[in-house]
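Here is what each chain is made of, one letter per residue.
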Amino acid sequence: MIGWRELRTRAGAAGGKTAAAAPAGTEPAGAEPAGTGAAGAEPGTRAPKARPAAPVRRGPGRLVRTLVTLVALAGMVAFAVVLARLTLEASPASVPLTRSNLMPGRSIGNYLRQPGFVDTVKQLGGNIALGVPFGILLPLLSRKTRGFLRVALVTAATMLLVELVQGALVTGRAFDIDDVFLNTTGALLGYVLVGRRLGRAVRPRTRPRWWKRRPEDSSA
């Protein structure tokens, strides 16, 4: 009669032979199939490709930008000299005719009601043309001076200072708020027509605008 110990020994030996005789290539139950990733991807599938980064615009070299900046500075100095001669020279003969204007639109209305068309064009066109160099030269000096609002603010502040000096210190000159508006209009025209394109060509934007940035760009 066979004892219990002998039966257990025979059963263990038979189980070992069955495991050893399993065909090659089979995997035990519970094992992960080959070819599947940690994330549970199906066999044969490729990992998603990362989106390529937005191309970075490269402008001219540093030497070219430096030369353009120097030319713009020279142009601003020359323009300042011309502006001073046109606006800050005393005119004693004009003392009886000069009056300060603090109400926007009053002087422009007076110019438009003049009988002489040529004089109207000179007055209005001259003040507009006086601000055009600001819109062209400011974007070349620095990237921070680009944009409609910045050009308008810088031009308005400069011309407002000139008008204050005129009215307070120069004989035969008076403060006129309409001149500030006309000069600022000329600067914006110069910026739209020429200055914006030159500024982008010389000093291109190296980073996308904030509303075009991806979340990973803003977090970096």
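So, how was this worked out
Residues numbered from 1 in each chain as written. Predicted model: local features only at pLDDT ≥ 70, side-chain atom pairs only at ≥ 80, totals over all residues. Heavy atoms only, no water. Helix = DSSP H or I, 4+ residues; strand = E, 2+ residues; numbered from the N terminus. Areas by Shrake-Rupley, 256 points an atom, 1.4 Å probe, with all protein chains shown as cover. Contact = heavy atoms within 4.5 Å. Patch = residues over 30% accessible without salt bridge, like charges linked within 9 Å, V, L, I, M, F, W, Y side chains within 5 Å. Salt bridge = Lys/Arg side-chain N within 4 Å of Asp/Glu carboxyl O. Lys, Arg positive; Asp, Glu negative; His and termini not counted. Charge placed at Lys NZ, Arg CZ, Asp CG, Glu CD. Buried < 20%, exposed > 50% of the residue type's maximum accessible area, 1.4 Å probe, protein only. Axes fitted to C-alpha atoms, helices over the stretch in contact; angles between N-to-C directions. Left-handed = near helix turned anticlockwise from the far one by under 90°. Nonpolar A, V, L, I, M, F, W, Y, C, P; charged D, E, K, R; others polar. 1 Å grid on protein atoms, 1.4 Å probe; cavity = no way out; pocket = protein on both sides within 12 Å on 5 of 7 lines; lining within 4 Å. Points joined across faces, edges and corners; volume = space filled by probe spheres on them. Bend = angle between axes of the 7 residues up to and from the residue. Polar contact = N/O pair within 3.5 Å; in protein donor to acceptor, adjacent residues only side chain to side chain. Core = buried A, V, L, I, M, F, W, Y, C linked by side-chain atoms within 4.5 Å. Phe/Tyr/Trp six-rings, centres within 6.5 Å; stacked < 30°, edge-to-face > 60°. pLDDT = per-residue confidence, 0-100.

A. Just the overall build of the protein chain, in detail. Along the protein chain, the regular secondary structure elements total 7 helices and 0 strands. Going residue by residue from the N terminus, the α and β elements of the protein chain occur as α-α-α-α-α-α-α. Surface exposure of the protein chain reaches about 15,900 Å², of which carbon and sulfur atoms provide 64%.

B. Main features of the side chain of Thr120. With respect to the helices and strands, the residue Thr120 is situated in helix H4 (residues 117-141). Not counting residues within four places of it along the chain, the set of residues in contact with Thr120 comprises Tyr111, Leu112, Gln114 and Gly125.

C. Examining a positive patch on the surface more closely. Judged by side-chain charge, Arg143, Lys144, Arg150, Arg200 and Arg205 come together as a positively charged surface patch. With respect to the helices, strands and loops of the structure, Arg143 is situated in the loop between H4 and helix H5 (148-169). Its relative accessible area of 39% is what places Arg143 among the partly exposed residues.

D. How the structure looks around the packing of H4 against helix H6 (residues 177-202). Contact geometry of H4 with H6 gives a least axis separation of 5 Å together with a crossing angle of 35 degrees. Between H4 and H6 lies a crossing whose hand is right-handed. By residue class, the composition of the contact of H4 with H6 is 15 nonpolar, 8 polar and 1 charged.

E. Structural view of the layout of surface pockets. Considered as a void within the structure, the largest pocket measures approximately 950 Å³ in volume. Lining the largest pocket are 31 residues; nearest its centre among them are Thr98, Tyr111, Gln123, Asp176 and Asp179. Taken together, the elements giving at least two residues each to the lining of the largest pocket come down to helix H2 (62-87), helix H3 (106-112), H4, H5 and H6. When its residues are assigned to classes, the lining of the largest pocket shows 9 nonpolar, 15 polar and 7 charged.

F. Structural detail: the environment of Pro104. The topology assignment puts Pro104 in the loop between H2 and H3. In this view, Pro104 contacts Ile177, Asp178 and Phe181; residues no more than four positions away in its chain are not counted.

G. Structural context of H6. Along its length, H6 shows its largest kink, about 55 degrees, at Tyr191. Sitting at the head of H6, Asp176 places a side-chain oxygen 3.0 Å from the backbone nitrogen of Asp178.

H. Local environment of the nonpolar core. By size, the foremost hydrophobic cluster in this structure holds 19 residues, and its most contacted members are Phe79, Leu83, Phe134, Leu140, Val151 and Met159. Secondary structure elements with two or more residues in this core: H2, H4, H5 and H6.

I. The packing of aromatic side chains, seen in detail. Evaluated as defined, the whole model comprises 2 aromatic pairs. With a centroid separation of 5.1 Å and an interplanar angle of 90 degrees, the aromatic rings of Phe79 and Phe134 are classed as edge-to-face. Taken together, the residues span a long stretch of sequence, with Phe79 in helix H2 and Phe134 in helix H4 at a distance of 55 residues. A single burial state applies to Phe79 and to Phe134, both of which are buried. Seen from their ring centres, Phe148 and Tyr191 are 5.4 Å apart, and the 80 degrees between their planes marks the pair as edge-to-face. Within this pair, whereas Phe148 is found in helix H5, its partner Tyr191 is found in helix H6, the two being separated by 43 residues in sequence.

J. How the structure looks around the confidence of the model for the protein chain. On average, residues of the protein chain score 76 in pLDDT, and 66% of them reach the 70 mark or higher. Predicted confidence for residues 16-22 stays below pLDDT 50, and this span has 0 contacts to residues more than four positions away or in other chains. Taken as a whole, residues 30-41 scores under 50 in pLDDT and shows 8 contacts with residues more than four places along the chain or in a different chain.

K. Highlighting the environment of Ala74. Residue position: Ala74 is located in helix H2. Considered as a pair, Ala74 and Leu137 are 63 residues apart in the sequence and their alpha carbons are 9.8 Å apart.

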